Amino acid sequence: MDVQKKLSQRIQHLCKMEGISYYTLSYKAAVPMTTLMHIINCSTKNPGIFTLIKICNGLNITIKDFFDTKEFIDIEYEPE
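**Some points on helix 1 (residues 3-18)**
Helix length check: helix 1 (16 residues) gives 22 Å between terminal C-alpha atoms against 22 Å at 1.5 Å per residue, within 8%. Taken together, the buried positions of helix 1 are occupied by Gln-4, Lys-6, Leu-7, Ser-8, Arg-10, Ile-11, Leu-14 and Cys-15. Here the buried face of helix 1 lies against helix 2 (22-29), helix 3 (33-40), helix 4 (49-58) and helix 5 (63-67). Directly after helix 1, the chain includes Gly-19, whose backbone phi takes a positive value near 70 degrees.

**Quick look at the nonpolar core**
Core analysis: the largest hydrophobic core is formed by 18 residues, its most contacted members being Ile-11, Leu-25, Leu-36, Ile-55, Leu-59 and Phe-66. For this core, the secondary structure elements donating two or more residues are helix 1, helix 2, helix 3 and helix 4. By residue number, the principal contributor to this core is helix 1, which donates four residues. Those residues within four positions of Leu-36 in sequence are excluded, and the remaining contacts are Ile-11, Tyr-22, Leu-25, Ser-26, Val-31 and Ile-55.

**Here we look at unusual backbone geometry**
Positive phi outside glycine occurs at Ala-30, with the angle close to 60 degrees. Structurally, Ala-30 is set in the loop between helix 2 and helix 3. Backbone geometry at Asn-60 places phi at a positive 60 degrees, although glycine is not the residue there. Position of Asn-60 relative to the elements: it lies in the loop between helix 4 and helix 5. What makes Asn-60 exposed here is its relative accessible area of 65%.

Definitions and limits used
Sequence positions are assigned chain by chain, starting from 1 and proceeding in written order. Residue-level local features of this predicted model are given only where pLDDT is at least 70; pairs of side-chain atoms are given and counted only at 80 or more, and the full residue set underlies all totals for whole chains, interfaces and linings. Hydrogens and waters are ignored; side-chain quantities use all the structure's heavy atoms. Think of it this way: any DSSP run of H or I at least four residues long counts as a helix, any run of E at least two long counts as a strand, and we number them from the N terminus. Given a helix with a known number of residues, its expected span is that number minus one, times 1.5 Å. Categorising residues by exposure relies on relative accessible area from a 1.4 Å probe, with only protein chains included: less than 20% of the type maximum marks a residue as buried, more than 50% marks it as exposed, and the intermediate range marks it as partly exposed. Whether two residues are in contact is decided by their heavy atoms, any of which lying within 4.5 Å being enough. By nonpolar core is meant a set of buried Ala, Val, Leu, Ile, Met, Phe, Trp, Tyr and Cys residues that side-chain atoms within 4.5 Å join together.

The quantities given are spatial measurements derived from coordinates; they are silent on function.
See below:
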């Protein structure tokens, strides 16, 4: 599974766990809805660390908590 898909699934999972919509996350994170949806539908290849930090802030978690899952452990760079 590629990194974009893992990011998307993680955000979807966390929204479901918190019981919040993407719109609510967009608002709380101060990330434009279009940006968030591009990450979720995997059309953004590299969302950027600051965008991910803002999303984590909107979810009330740290960036460490976001990536501290088995899906992201031992992830390696895959050049295109």
